[in-house]
Amino acid sequence: MRALAAIALGSNLESEFGDREANLREAVKRLGLLGRVRAVSTFHDTEPVGYLSQPRFLNAAMLLETEQEPLELMRGLLEIEQAMGRQRVVAKGPRVIDLDLLLYDAVVMNTAALTLPHPGMHERRFVLEPLAEIAPGMVHPVLGKTVGEILQGLGRRTA
């Protein structure tokens, strides 16, 4: 069975691959090994959220058609982060690459390893804006709203 997964990407550090943009491009290439890349948003330069004493982020979103089950896909995302040099030192701190599984078709799950849909996605403009570029009609299965509707509902609030 093929599923459509929405994945958020972010980077705010240089690495062996180059600058933030090079990190995102490398991650997209590696994610292509987990399925078929259907779409990638433009890259958005954003302020850090939460932990503010760090460089600006470059954020994007992508759609991946995959045969992997959600937990298997999540393990793949974590393996890519680790292989690209992600170190979890400070919560929401600087990172070479950050990959979040946002949506996986209409799957709703809440386990120690994975929560779908991503619990914070509906509050984060830096996630919703790039995702709305490539999948404005994708539905959040808990809220029952499209990505475009959720983004519109954020109005002028920053997140």
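See the structure shown above.
Residues numbered from 1 in each chain as written. Predicted model: local features only at pLDDT ≥ 70, side-chain atom pairs only at ≥ 80, totals over all residues. Heavy atoms only, no water.

A word on the overall build of the protein chain
Alright, step 1. The helix and strand inventory of the protein chain stands at four helices and nine strands.
Alright, step 2. Ordered by position in the sequence, the α and β elements of the protein chain form the string β-α-β-β-β-α-β-β-β-α-β-β-α.
Alright, step 3. The C-alpha atoms of the protein chain give a radius of gyration of 15 Å, which matches the 15 Å a tight globule of 159 residues would have.
Alright, step 4. Dimensions of the protein chain, computed from C-alpha atoms along their principal axes, come out at roughly 40 × 40 × 30 Å.
Alright, step 5. By residue count, 47% of the 159 residues in the protein chain fall in the buried class.
Alright, step 6. When the accessible surface of the protein chain is totalled, it reaches about 8,200 Å², and 52% of it is carbon and sulfur.
Alright, step 7. Side-chain charges of the protein chain comprise 18 positive and 20 negative groups, with the mean position of each set lying 4 Å from the other. (Helix = DSSP H or I, 4+ residues; strand = E, 2+ residues; numbered from the N terminus. Rg over C-alpha atoms; globule rule 2.2 N^0.38 Å. Buried < 20%, exposed > 50% of the residue type's maximum accessible area, 1.4 Å probe, protein only. Areas by Shrake-Rupley, 256 points an atom, 1.4 Å probe, with all protein chains shown as cover. Lys, Arg positive; Asp, Glu negative; His and termini not counted. Charge placed at Lys NZ, Arg CZ, Asp CG, Glu CD.)

A closer look at the pattern of salt bridges
Alright, step 1. Tallied over the entire structure, the rule returns twelve salt bridges.
Alright, step 2. The shortest N-O distance in the salt bridge between R30 and E26 comes to 2.7 Å. Of the two residues, R30 and E26 both sit in helix α1 (residues 20-31), four residues apart, roughly one turn of that helix.
Alright, step 3. A relative accessible area of 13% places E26 in the buried class.
Alright, step 4. Linking E65 and R36 is a salt bridge whose minimum nitrogen-to-oxygen distance equals 3.6 Å. With E65 in strand β4 (residues 57-66) and R36 in strand β2 (residues 36-40), the pair connects residues that are 29 residues apart, well separated along the chain.
Alright, step 5. One network of salt bridges, in which partners are shared, links R2, R36, R38, E65 and E67. (Salt bridge = Lys/Arg side-chain N within 4 Å of Asp/Glu carboxyl O.)

Digging into the nonpolar core
Alright, step 1. Grouped together as the largest cluster of nonpolar side chains are 26 residues, with contacts concentrated most on L9, L31, L77, L99 and L101.
Alright, step 2. Taken together, the elements giving at least two residues each to this core come down to β1 (3-11), α1, β4, α2 (70-83) and β5 (98-104).
Alright, step 3. Ignoring any residue separated from it by four or fewer positions in sequence, one finds L101 in contact with A5, A6, I7, P70, L73, M74, L77, L114, L116 and H118.
Alright, step 4. Of all hydrophobic cores here, the second largest spans 18 residues; its members include L102, L103, V147 and L154. (Core = buried A, V, L, I, M, F, W, Y, C linked by side-chain atoms within 4.5 Å. Contact = heavy atoms within 4.5 Å.)

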